[in-house]
Amino acid sequence: MTLGQTFLGLLETRSQHGYDLKRAYDERFAGQRPLAYGQVYATLSRLLKHGLVEVEAVEAGAGPERKRYTVTDSGVTDVERWLATPESPEPYLQSTLYTKVVLALLTGRPADGILDVQRAEHLRLMRELTRRKTAGDLSDQLICDHALFHLEADLRWLELTAARLNDLADEVRGR
Amino acid sequence: MSPRDRAPAGTGPERDRPSPLGELLLGAQLALRGGREVVLRSVLTAIGVGVATAGLLLAAGLPTALDHLAERNAARMDHQVAPHPVPPSGDDTLLIGIATTLHAGQEVHGRLLRAEGSDPPLPPGVTEIPGPGELLLSPALADLLDAPGTEALRSRFDHPVVGEIGPEGLLGPHELAYYLGSEDLAVENAGIRITAFGGEPGPVVRGPVVVLLGLVGVVVMLTPVVVFLGAAVRFGGEQRERRLAALRLMGADRRAVRRVAAGETLPGVGLGLVLGAVLFYAGRPIVETVGVGPGLYAGDVAPHPVLGALVFAGVPLLALWVVLASLRGVVVEPLGTVRRAERPRPRVWWRLLLLVLGVVLIWLSMDLRTAGRLGLPGGGGLPMTAIGLLAALFGTTAVLPWLVDRLFRRASGGPLALQLAQRRLAAAGGGPTRAVSGIVVTVAGAIALQSLFANAWADASVTLADTAQEAYAENEFGPSRFQVQAELWMPPADDDPAGTVARVPGVEAAAAFRTVWGTTGDGTDVPVHIADCDVLRQMADLPACSPGDVFSALPGLGAGDTLMVRPREDATESPWVLPPVSGFEGALVEHPWSATGHTARDVVLATPEAAAAPAEIAARSTVWIRADPAVSGMEEGLRHTVGSLDPTSRLTVPITTVVNPAMADIRDALVAGALACLTVIAAGLVVGTVEQVRERRRVHAVLTAFGTRRSTLVASVVWQTTLPVLLGIVLATAVGTALGVMVQRVAGLPVRFIPVETLVIAGAGVGVAALTTLLAVPALLRTMRPEGLRSE
Amino acid sequence: MRRPAPRALSDRLPEAPGTPLLTGSGLRKSFGLTQALEDASLDLYPGEVVAVMGPSGSGKSTLLHCLAGVVRPDAGTIEYDGQDLVAASDTRLSALRRSEFGFLFQFGQLVPELSCLENVALPLRLGGRPRRRAEHAAAEWLDRLDVGELAHKTPGECSGGQGQRVAVARALITRPRVVFADEPTGALDSLNGERVIRMLTEAARESGAAVVVVTHEARVAAYADREVVCRDGRTLDTGGPG
């Protein structure tokens, strides 16, 4: 699912072929594990089916790699909504958040808003955990503390990212 | 294997060991580049060291100044070195007449001069003997004559001024002195023949007493400076301790840190020595403006070489000692943790011991002195008294930490501001205690000395009568109730001194007679008083008197006998053949001060017509005067009139009290010194308080945030500065008065208090405390801004 | 999958907000060339605990100082309980801080020369309470914060956490309506920090005091009812982007 929104976001910057889309994704988000072609085309066809992308042009020759995709208005709306929605705070969330931030920067949306919304959501959960912790026994406290420390780590990452947004924007757009 | 190789942390055999000198220099560098606080501390240290150096150089210059004074005094000795018997007049002889007089209680050194040839000896500071009627003045006397309100004095010096007496001929810049050329001066009248000026300087007083008094002075002077330095070297202490901690982290050991700290004060001390020298040389001319007695010339105050060197070596050591003492109880750890070792609670017993020792010493010394058992001249107990005083004073200061601890640490009553102040004072440790100690040493010392001087002064001011009227009444003599006597050695030619004197306002009657000395054939000397019958009748109970009569009952003196008559000793004699002589009953009337109980058997009274004194003999005149002391200016008028008649005259006037003006000067100097010390101590207190206020700026900002009233914090700082000064003043007054009373009691003197001076000092102390507070408050208000809340 | 964007103030206020106790809006403040506050606003409702978060230098401490009447803003309005704090006199502000506000700072707030008991009694004595009664109340507060045994020690003899608890007692002893806490746990480890913030918030809630706590620690902010974020001198509407 997040792959779909990521593609939409990438396509929002410019329309491109499926192959280029895979390259762009691998370069920015995949790290050590590049996308399989099958996954790329399955996702694209799902997006086509939902009317979030459309084929702008088909170049000479056959095969899906010859199609140039572009994002539709509803695709843009979908990206927007996705970006605005905080992720459910959970461990190892950074990859999704990172994708969101980069996409926001790529598509010229305010990235710090994403972080603010996320912080609020994290804190909401932390408040709840804190409340549970203060009311609970020691084992409750320990469990809650574990979650709290992870959430805090996320929040620290959020703060750090927020502080480095300008650098990140330069880097992302410079490519 | 050398120990160095085994050093566990050694980074190599050739690793440099830090040298103590290098650490000192490192410290000095830190002081020069350490920013505002360090520079400020260096400046403060420099001021303290500078004041101490200048003051001590001044003290070190005193022996030299005394020597110079003695030399100049000796260089112009005249009548003391007059040859005896009187040599014949010659080309190189000079006649001098002593014409020293008084003006407003101040001595005016005066000499009549008459050269008897072309090559007379010249007094120092004079290039040519003034001609008859010509005047040489000292600058101070010239200034005095130019000043308004001295018309009467001016009338006495109504002569052309032909020059000035040079400094080498004067005791000091403020000495009133003159030389007046005279043509009447002769060996027969007031003249003394001399062939040269100058004699051996008398021994300058330099005994253990002077050394001890000097010691007391130096100690008393240095105490406030130490207090000030103690505050100065603490300035910016927090920063310094952080810096030193950083050095510890880099591997400096405790000793090295102390050396670096000492090095940090070096620039300040060096600057202070230079400042002290500059202050001394720049301030030396001020010495000339001090008009105590003849005063001193700037050039007189040159530091004794040995003492000067001692000053330049001792002051830096003192400063260093203060720095190291300030680091005592501070443990600099590598991680910036500066722990103030808990000071042991002061124990009181050994401190009291010193005080008791002092008291016992004073007691013993006084006992010895009154019993005269030591048989030493001039009060052999004085050194012991001085030591006792010092021991008692320092005993008191030794008791102080205990007292301060008691008063400040435990105190729990009173308003919040007072409580804050007391706790801060307790936390500040040595600073306030040192300030109180300084005040006690200087002010109590001054008060105790004053008590002594109160007696000395009382002794010096013998009260003979409560009022001038009473004094004049007590001094009446003769049937005409004269009270005043004037002796004229060179009576003027017009020969009516009584008439001249009688014209002075306030003079009711005057009678004059002349005196010559006669020697009978068998060598008996007898005074011959010559006056007309009116006057003679006032001198003795004469049966009858008519011009030409002579009265005496000297055995073997009768008509036709010859008396060899001369105006004074060593003068040329001339024979006088006596007319018939009749005796008289009773005693000769004499001035009570010079009365020797003459009767007709050892005196001759003669009418002028009896021609006792040949016309050419310039006989001494005596004028008896009855005057009304209620007429203002009578005495000055009399003095000037008589002085104008004859500069070599002497006037004897009844007095109510004998005041030694030098004593009053010493009293003033003591008060002034105490005030100066108080000021220096207060300055130290300001520096310490400002420093503490700055260190507490975060606390103050927090207290402000809490809504603490500005007045509460200001009041706490007021208390903080006022408490030590007040405590010091109260203690000093109590201790000083107690010591003074004890010294007086034991010496068997009536106990006298000196409330005025004590009040002046105490009042000044309060003023100084107020000023101190005013200076500390701006720093406080700055710390109360909320900026202090922002973490650094 | 899609959740409605959470709104600030939405989820946890004890009761209906009613009118704010303390309102600051459009606050600007500069120190020399440094613009500490650009445009900051905050509403504080009675009894609520608000965390002010943000990176260092974002102006959160200055915001707290302005709201507490310690620093006067260059522009903007502050209203406390119907009173205009911007225009209030220094005397009035001091009186307010003495009686209605409590303060807690990161460090260095206890007067080093006074004992812990005397430190806690200080605000009462500033308000004119006699010494004996003030210290009696102080002893009770020290006990309540589990530091009763420190009464006669000096702050220098206490650990950081103990010192902060003494400071909490001092902040609450006047039963203030608002407690301002500026990084109260900043100098403490997490265990001690949490203890302090927990004691502060619990004691404040018990006595009905509102708390503004400036912190950069999320776990500390989690003890608040809501948070306000400061960035570059502005407070952010945390309702969502855009």
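Residues numbered from 1 in each chain as written. Chains lettered and ligands numbered in written order. Predicted model: local features only at pLDDT ≥ 70, side-chain atom pairs only at ≥ 80, totals over all residues.

A. Examining the overall build of chain B more closely. A tally of helices and strands in chain B yields 21 helices and 19 strands. When the 792 residues of chain B are sorted by exposure, 44% land in the buried category. Sequence separation of at least 24 residues holds for 82% of the intrachain contacts in chain B that already meet a minimum separation of 6. (Helix = DSSP H or I, 4+ residues; strand = E, 2+ residues; numbered from the N terminus. Buried ≥ 20, exposed ≤ 12 C-beta atoms within 10 Å, placed from the backbone. Contact = placed C-beta atoms within 7 Å.)

B. Main features of the interface of chain B and chain C. Between chain B and chain C, the contact holds 18 residues from the first and 22 residues from the second. Secondary structure elements with two or more residues in the side of chain B that touches chain C: α12 (416–428) and α19 (697–705) of chain B. Of the residues forming the side of chain B that touches chain C, the biggest block, 5 residues, is contributed by α12 of chain B.

C. Main features of the sheet that holds strand β3 (residues 67–71) of chain A. All names here are of chain A. Ordered in space as β1-β3-β2, the 3 strands form an open sheet in which the pairing is antiparallel. The strands lining the two open edges of the sheet, one partner per strand, are β1 (16–17) and β2 (53–58). By the bridge criterion, 5 bridges tie β2 to β3 in an arrangement that is antiparallel. Residue Val58 lies in a different strand from β3, and its bridge partner there is Lys67. Across the sheet, helix α1 (residues 2–13) is in contact with β1, β2 and β3; its angle to β3 comes to roughly 95 degrees. (Pairing = 2+ DSSP bridges. Axes fitted to C-alpha atoms, helices over the stretch in contact; angles between N-to-C directions.)

D. Up close: the pairing of strand β11 (residues 507–519) of chain B. Residue and element names in this part refer to chain B. Pairing of β11 with strand β18 (residues 620–627) involves 8 bridges; the strand directions are antiparallel. When the sheet's bridge partners are listed, Val507 is paired in β18 with Ala627. In terms of strand pairing, β11 meets strand β12 (residues 525–530) through 6 bridges, oriented antiparallel. Bridge pairing links Gly518 to Val526 in β12. By the bridge criterion, 3 bridges tie β11 to strand β14 (residues 562–566) in an arrangement that is antiparallel. Residue pairing for β14: Trp517 is matched across the bridge by Arg566.

E. Focus on the confidence of the model for chain B. All names here are of chain B. For chain B, the average pLDDT comes to 77, and 80% of its residues sit at 70 or higher. In the model of chain B, helix α1 (residues 3–6) stands out as the element of lowest mean pLDDT, 44, in contrast to strand β4 (residues 135–137), which has the highest, 92. Throughout residues 1–15 the model reports pLDDT below 50, and contacts reaching past four residues in sequence, or to other chains, amount to 5 contacts. Long-range and interchain partners of residues 371–380, a stretch whose pLDDT sits below 50, account for 7 contacts in this model, where long-range means more than four residues apart. (pLDDT = per-residue confidence, 0-100.)

F. Geometry of the pairing of strand β7 (residues 178–182) of chain C. Residues and elements named next belong to chain C. Burial of β7 is extensive: 5 of the 5 residues sit out of reach of the surface. By the alternation rule, side chains of β7 split into Val178, Phe180 and Asp182 and Val179 and Ala181, which are all buried. With 4 bridges joining them, strand β6 (residues 101–104) and β7 adopt parallel strand pairing. Across the sheet, the residue bridging to Phe103 is Phe180, located in β7. The sheet contact formed by β7 and strand β8 (residues 210–214) spans 5 bridges and is parallel. What sits directly across from Asp182, in β8, is Val214. At this point the chain moves from β7, through helix α6 (residues 190–207), to the parallel β8, and the crossover so formed is right-handed. (Right-handed = clockwise from strand over helix to strand, strands pointing away.)

G. Representation of the packing of α1 of chain A against helix α2 (residues 18–30) of chain A in the model. All names here are of chain A. Where α1 contacts α2, the axes come no closer than 11 Å and their chain directions differ by 110 degrees. Overall, the two elements α1 and α2 adopt an arrangement that is roughly perpendicular. Where α1 abuts α2, its residues Thr6, Phe7 and Leu10 lie against Leu21, Ala24, Tyr25 and Phe29. A breakdown of the residues in the contact of α1 with α2 according to their chemical character gives 6 nonpolar, 1 polar and no charged. (Parallel < 35°, antiparallel > 145°, perpendicular 65-115°, else oblique. Nonpolar A, V, L, I, M, F, W, Y, C, P; charged D, E, K, R; others polar.)

H. Region of the structure containing the environment of Pro547 of chain B. Residues and elements named next belong to chain B. With respect to the element layout, Pro547 can be found in the loop between α16 (533–539) and β13 (550–551). Judged by C-beta crowding, with 10 C-beta atoms within 10 Å, Pro547 ranks as exposed. Spatially, the C-alpha atom of Pro547 lies 7.3 Å from that of Ala610, the residues being 63 residues apart in sequence. Sequence-distant contacts of Pro547, defined by excluding residues within four places in its chain, comprise Cys533, Thr607 and Glu609.

I. Expanded view of unusual backbone geometry. Although it is not a glycine, Arg481 of chain B adopts a positive phi angle of roughly 55 degrees. Take Arg481 of chain B: it is sitting in the loop between α14 (468–474) and β10 (484–488). What makes Arg481 of chain B partly exposed here is the crowd of 14 C-beta atoms within 10 Å. Despite not being glycine, Arg175 of chain C has its phi angle at roughly 50 degrees, a positive value. Assignment of secondary structure puts Arg175 of chain C in the loop between α5 (160–172) and β7. On the neighbour-count criterion, Arg175 of chain C (12 C-beta atoms within 10 Å) is exposed.

J. Structural context of the environment of Leu69 of chain B. Residues and elements named next belong to chain B. When you line up the elements, Leu69 lands in helix α3 (residues 36–75). Leu69 gets classed as partly exposed once you count the C-beta atoms within 10 Å, which come to 19. The residues contacting Leu69, other than those within four sequence positions of it, are Leu171 and Asp300.

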